[in-house]
Amino acid sequence: MPNFPKYTLSIETATQKGSISLLKGKEEIGFWIGDSYQTLSASLLPQISSLLSAHDLTTKDLELIAVSAGPGSFTGARVGLSIAKALKTALNVPAIAVSLPEALALSAGLTEGNIVAIIPAGRTEAYWQEFSVKTGSLTPVSPILNIKVETPPSLNGNSATFITTSDLKSADKEIIENRVGNPVTIAGDGLARYIGEAAISRYMSETAGTPDLLQAIYIKELRS
């Protein structure tokens, strides 16, 4: 089993604000959260450089790149993936893409139970994925679905914790809460940290050598 990567740079650009996280081993030592009025493609590289400089590091100190593959903002996800691919090639280090629902589910911090990650998809639509959590280990129990917020799917478990990003419109959040009969928690904006944690776990696993295509997750078809 490989050692923990000494430094991991994690990039999340599938949400409106986006974020960057710098991890030493498994611990986040620095982060940046974007502004919804900034253009991520213009601000991301300077912010990465600034974050590394603040810890007396350069890109040459990085041993792993983690990046969000979406779904969410398809354009935003492609920005992050492009930067991850460029860093992977320039530094000759592994880069691992992680789905946004997985990171969102991890951010809830559950150790047991079921959790549903909900990501806005526009036009009263959302991406929906259910996970099972046992002894802190997260396992998907449904594929990522594109749904209408007024017709959420049935749960695979008896109950679940629901979590979403700050991008979800309040009206859509209220509709979902009324349909599922439970509150929907809004996660913090710094989801890059959880992208990084998931990527590190994958890096440490037996599948660490599996090629990562670094492609955006794009789900167009609505669940009927």
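Reading guide: rules and limits
Residues numbered from 1 in each chain as written. Predicted model: local features only at pLDDT ≥ 70, side-chain atom pairs only at ≥ 80, totals over all residues. Heavy atoms only, no water. Pairing = 2+ DSSP bridges. Helix = DSSP H or I, 4+ residues; strand = E, 2+ residues; numbered from the N terminus. Axes fitted to C-alpha atoms, helices over the stretch in contact; angles between N-to-C directions. Contact = heavy atoms within 4.5 Å. Buried < 20%, exposed > 50% of the residue type's maximum accessible area, 1.4 Å probe, protein only. Polar contact = N/O pair within 3.5 Å; in protein donor to acceptor, adjacent residues only side chain to side chain. 1 Å grid on protein atoms, 1.4 Å probe; cavity = no way out; pocket = protein on both sides within 12 Å on 5 of 7 lines; lining within 4 Å. Points joined across faces, edges and corners; volume = space filled by probe spheres on them. Nonpolar A, V, L, I, M, F, W, Y, C, P; charged D, E, K, R; others polar. Phe/Tyr/Trp six-rings, centres within 6.5 Å; stacked < 30°, edge-to-face > 60°. Expected span 1.5 Å × (residues − 1). pLDDT = per-residue confidence, 0-100. Salt bridge = Lys/Arg side-chain N within 4 Å of Asp/Glu carboxyl O.

*Asks:* Hey, could you run me through the sheet that holds strand 3 (residues 27-33) in this one?
*Replies:* In sheet architecture, strand pairing relies on hydrogen bonds along the backbone and comes in two forms, parallel and antiparallel. Strand order in the open sheet formed by five strands is 3-2-1-4-5, and the pairing between neighbours is mixed. Strand pairing shows two members of the sheet lacking a second neighbour, strand 3 and strand 5 (95-98), which therefore form its edges. On average, each strand axis in the sheet is tilted by 20° relative to the strand beside it, whichever way the strands run. Contacts from helix 1 (residues 40-54) reach strand 1 (7-12), strand 2 (19-24) and strand 3, with the element oriented near 25° to strand 2.

*Asks:* Got a minute to help me understand the environment of threonine 15 in this structure?
*Replies:* Relative to the helices and strands, threonine 15 resides in the loop between strand 1 and strand 2. In this structure threonine 15 comes out as buried when scored by relative accessible area, which is 9%. C-alpha separation for the pair threonine 15 and leucine 62, spaced 47 residues apart in sequence, amounts to 24 Å. Within the local environment of threonine 15, its side chain forms a polar contact with the backbone nitrogen of glycine 18, the two atoms lying 3.4 Å apart.

*Asks:* Can you help me understand empty space enclosed by the protein in this one?
*Replies:* According to the stated counting rule, one finds one cavity of 30 Å³ or more in the structure shown. When its residues are assigned to classes, the lining of the largest cavity shows two nonpolar, four polar and one charged.

*Asks:* I'm lost on the packing of aromatic side chains in this one. Help?
*Replies:* Centre distance and the angle of the planes are the two values used to describe a pair of aromatic rings. In this structure the tally under the stated criterion is two aromatic pairs. Here the aromatic rings of phenylalanine 74 and tyrosine 218 are separated by 4.8 Å at their centres, their planes lie at 40°, and the arrangement is tilted. Residue phenylalanine 74 is found in helix 2 (residues 74-91), and its partner tyrosine 218 is found in the segment after helix 5 (192-204); the two are separated by 144 residues along the sequence. Judged by its relative accessible area of 32%, phenylalanine 74 falls in the partly exposed class. For tyrosine 218, a relative accessible area of 51% translates into the label exposed. Taking 5.9 Å as the distance between ring centres and 55° as the angle between the ring planes, the aromatic pair formed by tryptophan 128 and phenylalanine 162 counts as tilted. One end of the pair, tryptophan 128, is in strand 7 (residues 125-134); the other, phenylalanine 162, is in strand 10 (residues 161-164), and 34 residues separate them in sequence.

*Asks:* Help me out: how do you make sense of helix 1 in this one?
*Replies:* At 3.6 residues per turn, the α-helix brings residues three or four places apart onto the same side. Between its first and last C-alpha atoms helix 1 spans 20 Å; for 15 residues at 1.5 Å apiece the expected length is 21 Å, and the two agree. Of all the positions in helix 1, only Leu40, Ser43, Leu44, Ile48, Leu51 and Leu52 are classed as buried. Buried positions along helix 1 lie against strand 1, strand 2, strand 3 and helix 2.

*Asks:* Any chance you could explain the layout of surface pockets here in plain terms?
*Replies:* Empty space among the atoms becomes visible once a probe the size of a water molecule is rolled across them. As a volume, the largest pocket reaches approximately 370 Å³. Of all elements in the fold, only helix 3 (100-107), strand 8 (137-140) and helix 5 reach the threshold of two or more residues within the lining of the largest pocket. Here the residues of the lining of the largest pocket are counted per class, giving eight nonpolar, three polar and four charged.

*Asks:* Would you mind showing me how to read the side chain of serine 68 here?
*Replies:* Residue placement: serine 68 occurs in strand 4 (residues 64-68). Judged by relative accessible area, which is 0%, serine 68 ranks as buried. Of note is the side chain of serine 68, whose polar atom sits 3.2 Å from the backbone nitrogen of glycine 70. Those residues within four positions of serine 68 in sequence are excluded, and the remaining contacts are Ile11, Glu12, Thr13, Ala14, Ala77, Leu81, Val98, Leu100 and Ile195.

*Asks:* Help me understand the confidence of the model for the chain, please; the structure alone is not making it clear to me.
*Replies:* Regions with low pLDDT carry predicted coordinates that are not meant to be interpreted in detail. Across the chain, the average pLDDT comes to 92, with 96% of residues at 70 or higher. For the chain, helix 1 is the element with the lowest average pLDDT, namely 92, and strand 1 is the one with the highest, namely 98.

*Asks:* Quick question: what am I supposed to make of the pattern of salt bridges here?
*Replies:* Two side chains carrying opposite charge are able to pair once their charged atoms lie near each other. Enumeration according to the criterion identifies six salt bridges in this entry. Of the charged contacts, one joins glutamate 177 and lysine 173 as a salt bridge, the two residues approaching to 2.9 Å between their closest N and O atoms. On the criterion of helical spacing, the pair formed by glutamate 177 and lysine 173 is a turn pair, its members being four residues apart in helix 4 (residues 170-180). Close ionic contact of glutamate 197 with arginine 193 constitutes a salt bridge, the shortest N to O distance being 3.1 Å. Within this pair, glutamate 197 and its partner arginine 193 are both found in helix 5, separated by four residues, close to a single helical turn. Judged by relative accessible area, which is 24%, glutamate 197 ranks as partly exposed. Judged by relative accessible area, arginine 193 falls into the partly exposed class, the value being 33%. A single network of salt bridges, built from pairs that share partners, joins Arg123, Glu125 and Lys148.

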